[in-house]
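Observations on the three-dimensional arrangement
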Amino acid sequence: MKIKLEHGAGGELMEELIKEVILKNVTLNSAGGIGLEALDDGATIPFGEKHLVFTIDGHTVKPLFFPGGDVGRLAVSGTVNDLAVMGAEPLALANSMIIQEGFDGEDFERILKSMNETAQEVPVPIVTGDTKVVEDKIGIFIITAGIGLAERPISDSGAKIGDVVLISGTVGDHGIALMSHREGIGFETELKSDVAPIWEVVKSVAKVIGWKHIHAMKDPTRGGLSNALNEIARKSNIGILVRESDIPVRPEVRAASDMLGINPYEVANEGKVVMIVEREFAEDALEAMRKTKLGREAAIIGEVTNQYIGKVLLETGIGGKRFLEPPVGDPVPRVC
């Protein structure tokens with residue numbers, strides 16, 4: 001086979017690559033926790049009465065600086081968010097940078113300062129790293145690894161029939177903002193990426209309703225909301241019904257999506273969390289989200305059902321229903 005861009009885009013082709021090639025050539029050992037074969041946002045390792053959560057992520061984005069953020073903020077946020085959606089408080093990050101020879105020194109410092117500022121928001125220290133310089137015309141690639149500590153690890157496979165689905169804010173902001181910026185599409189209000197660390201949102205909900213009442217979480221990055229919901233449905237062996245009228249989308253994101261021919265549910269978000277909670281705690285969870293800076297536009301968007309197992313059903317604004325399919329690949333490449 002030949003590796004294509006779509007194999008790294010978070011959709012069905014990427015899942016096929018992981019299952020049919022990567023997992024078949026790597027020795028799987030979960031160390032008693034959630035391992036590689038679970039294809040979750042990280043791995044867990046029992047650590048006394050708690051669990052260490054370990055994750056790693058590579059980041060490449062074009063352009064490196066975009067409305068609302070840059071590759072440095074993206075790298076820290078992405079890794080922190082992978083820990084957060086598994087219920088882990090971030091403890092430390094490691095940072096590896098692969099830099100093109102001749103890369104602008106001022107841009108490099110700007111990226112480093114952005115990483116530092118984002119880490120301080122969490123807060124989480126960057127404790128170790130590695131630097132390589134290469135001849136290839138790559139610009140800069142950033143690989144960040146993170147460890148966190150969880151009282152009760154949360155998998156993306158724990159959703160139960162009767163649960164309620166929440167999203168912490170508007171969807172499509174990151175991918176559509178980058179694509180609009182690339183294509184030079186202007187609006188009266190500039191589209192901005194939502195890139196941000198979401199630990200505060202997750203922690204606030206857990207503090208109010210308890211970790212045991214949060215059954216599943218996912219940060220809807222590559223493949224967007226559609227891919228995140230489909231992964232949860234398939235892994236949890238349940239169905240999910242979401243209402244289009246309840247999914248928060250900014251008008252300018254909707255307009256740009258229509259102009260570009262892109263479904264905002266399929267593009268990456270970098271500062272949101274999809275959370276599945278017990279029904280009786282849904283309103284409390286929503287209120288807790290909305291009290292945080294990043295969760296003010298949170299919404300309840302649907303519920304977990306026993307119909308169409310492994311599928312996501314979208315109730316449209318006119319009352320019809322259709323399947324919300326996972327994308328084959330990300331319609332907006334090089335955004336994370």
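Below is a summary of the structure that appears in this document. Keep in mind that this is a model prediction, so the values were computed, not measured.

**A closer look at the overall build of the chain**
Looking only at helices and strands, one finds eight helices and 14 strands in the chain. A compact globule built from 336 residues would reach a C-alpha radius of gyration of about 20 Å, and the chain, at 19 Å, matches this within 12%. Summarising its shape, the C-alpha atoms of the chain cover approximately 55 × 55 × 45 Å along the three principal directions. In the chain, which comprises 336 residues, the share counted as buried stands at 54%. Partitioning the contacts of the chain with sequence separation of at least 6, the portion at a separation of at least 24 is 82%. Looking at the chain as shown, the accessible area adds up to about 15,300 Å², and 51% of this sits on carbon and sulfur atoms.

**Overview of the pattern of salt bridges**
Applying the stated criterion across every chain, the model contains 16 salt bridges. Between Lys-235 and Asp-156 there is a salt bridge; the shortest N-O distance is 3.0 Å. With Lys-235 in helix H6 (residues 224-236) and Asp-156 in the loop between strand E7 (140-150) and strand E8 (164-167), this pair connects stretches of sequence that are 79 residues apart. Classification of Asp-156 as buried rests on a relative accessible area of 0%. Notably, a salt bridge pairs Lys-291 with Glu-287, separated by 3.5 Å at the nearest N-O pair. Since its relative accessible area comes to 44%, Glu-287 is described here as partly exposed. One salt-bridge network, held together by shared partners, links Asp-41, Asp-156, Lys-218, Glu-231 and Lys-235.

**Remarks on helix H8 (residues 282-290)**
Of the positions making up H8, those classed as buried are Ala-282, Ala-285, Leu-286, Ala-288 and Met-289. What you see down the axis of H8 is that its buried residues fit within an arc of 160°, all on one side. Here the buried face of H8 lies against E8, helix H5 (199-209), strand E11 (274-277) and strand E12 (299-305).

**Some points on the pairing of strand E1 (residues 43-47)**
Examined bridge by bridge, E1 and strand E2 (residues 50-59) share five bridges and lie antiparallel to one another. Among the inter-strand pairings, Phe-47 is bridged to a residue of E2, identified as Lys-50. Taken together, E1 and the strand that follows it, E2, pair antiparallel across an intervening segment of two residues, in which Gly-48 is found at a positive phi of about 65°.

**Comments concerning helix H4 (residues 173-183)**
Along H4, eight of the eleven residues are buried, which leaves the element largely enclosed by surrounding structure. Contacts made by the buried residues of H4 are with strand E3 (65-66), helix H2 (71-84) and helix H7 (251-260). Downstream of H4 by a residue or two, Gly-184 has a phi angle that is positive, lying close to 70°.

**Focus on the sheet that holds strand E6 (residues 126-134)**
Reading across from one edge, E1-E2-E7-E5-E6 is the order of the five strands in this open sheet, with mixed pairing throughout. Each end of this open sheet is capped by a strand with a single partner; those strands are E1 and E6. This sheet shows a mean twist of 15° between the axes of neighbouring strands, independent of strand direction. Each of E2, strand E5 (88-100), E6 and E7 is contacted by H2, which is oriented at about 150° to E2, the strand it contacts most.

**So, the layout of surface pockets**
One simple way to see leftover space: roll a probe sized like a water molecule over the atoms. In this structure, the second largest pocket encloses a volume near 480 Å³. Along the walls of the second largest pocket sit 23 residues, with Asp-173, Ser-193, Asp-194, Arg-250 and Leu-294 positioned nearest its centre. Residue classes in the lining of the second largest pocket are distributed as five nonpolar, seven polar and eleven charged.

**Focus: unusual backbone geometry**
Backbone geometry follows two general trends: most residues other than glycine have a negative phi, and most peptide bonds adopt the trans configuration. Residue Pro-63 is reached from Lys-62 by a cis peptide bond, and omega for that bond is 0°. Mapped onto the elements, Pro-63 comes out in the loop between E2 and E3. Here the bond from Val-122 into Pro-123 is cis, since omega is -10°, no more than 30 degrees from zero. Structurally, Pro-123 can be placed in the loop between helix H3 (105-121) and E6.

**Side note on the side chain of Ser-180**
Examined against the element boundaries, Ser-180 turns out to sit in helix H4. Reaching out from Ser-180, the side chain makes a polar contact with the backbone oxygen of Ile-176 at a distance of 2.8 Å.

**As for the packing of H4 against H7**
Where H4 meets H7, the closest approach of the two axes is 10 Å, and the angle between their N-to-C directions is 55°. Between H4 and H7, the interaxial angle falls into the category oblique. Here H4 and H7 pass one another in a crossing that is left-handed. Mapping the contact onto sequence places Asp-173, Ile-176, Met-179, Ser-180 and Glu-183 in H4 and Val-253, Ala-256, Ser-257 and Leu-260 in H7. Residues of the contact of H4 with H7, tallied by class, amount to five nonpolar, two polar and two charged.

**Structural notes on the side chain of Asp-219**
Relative to the helices and strands, Asp-219 resides in the loop between strand E9 (214-218) and H6. Once residues lying within four places of it in the same chain are set aside, the contact partners of Asp-219 are Asp-41, Gly-78, Asn-81, Asp-82, Val-85 and Lys-272.

**So, the environment of Arg-110**
Looking at where Arg-110 falls in the secondary structure, it is placed in helix H3. Taking the C-alpha atoms as reference, Arg-110 lies 32 Å from Met-14; in sequence the two are 96 residues apart.

Thresholds applied
- Residues numbered from 1 in each chain as written.
- Predicted model: local features only at pLDDT ≥ 70, side-chain atom pairs only at ≥ 80, totals over all residues.
- Heavy atoms only, no water.
- Helix = DSSP H or I, 4+ residues; strand = E, 2+ residues; numbered from the N terminus.
- Rg over C-alpha atoms; globule rule 2.2 N^0.38 Å.
- Buried < 20%, exposed > 50% of the residue type's maximum accessible area, 1.4 Å probe, protein only.
- Contact = heavy atoms within 4.5 Å.
- Areas by Shrake-Rupley, 256 points an atom, 1.4 Å probe, with all protein chains shown as cover.
- Salt bridge = Lys/Arg side-chain N within 4 Å of Asp/Glu carboxyl O.
- Arc of directions from axis to C-beta.
- Pairing = 2+ DSSP bridges.
- Axes fitted to C-alpha atoms, helices over the stretch in contact; angles between N-to-C directions.
- 1 Å grid on protein atoms, 1.4 Å probe; cavity = no way out; pocket = protein on both sides within 12 Å on 5 of 7 lines; lining within 4 Å.
- Points joined across faces, edges and corners; volume = space filled by probe spheres on them.
- Nonpolar A, V, L, I, M, F, W, Y, C, P; charged D, E, K, R; others polar.
- Polar contact = N/O pair within 3.5 Å; in protein donor to acceptor, adjacent residues only side chain to side chain.
- Parallel < 35°, antiparallel > 145°, perpendicular 65-115°, else oblique.
- Left-handed = near helix turned anticlockwise from the far one by under 90°.

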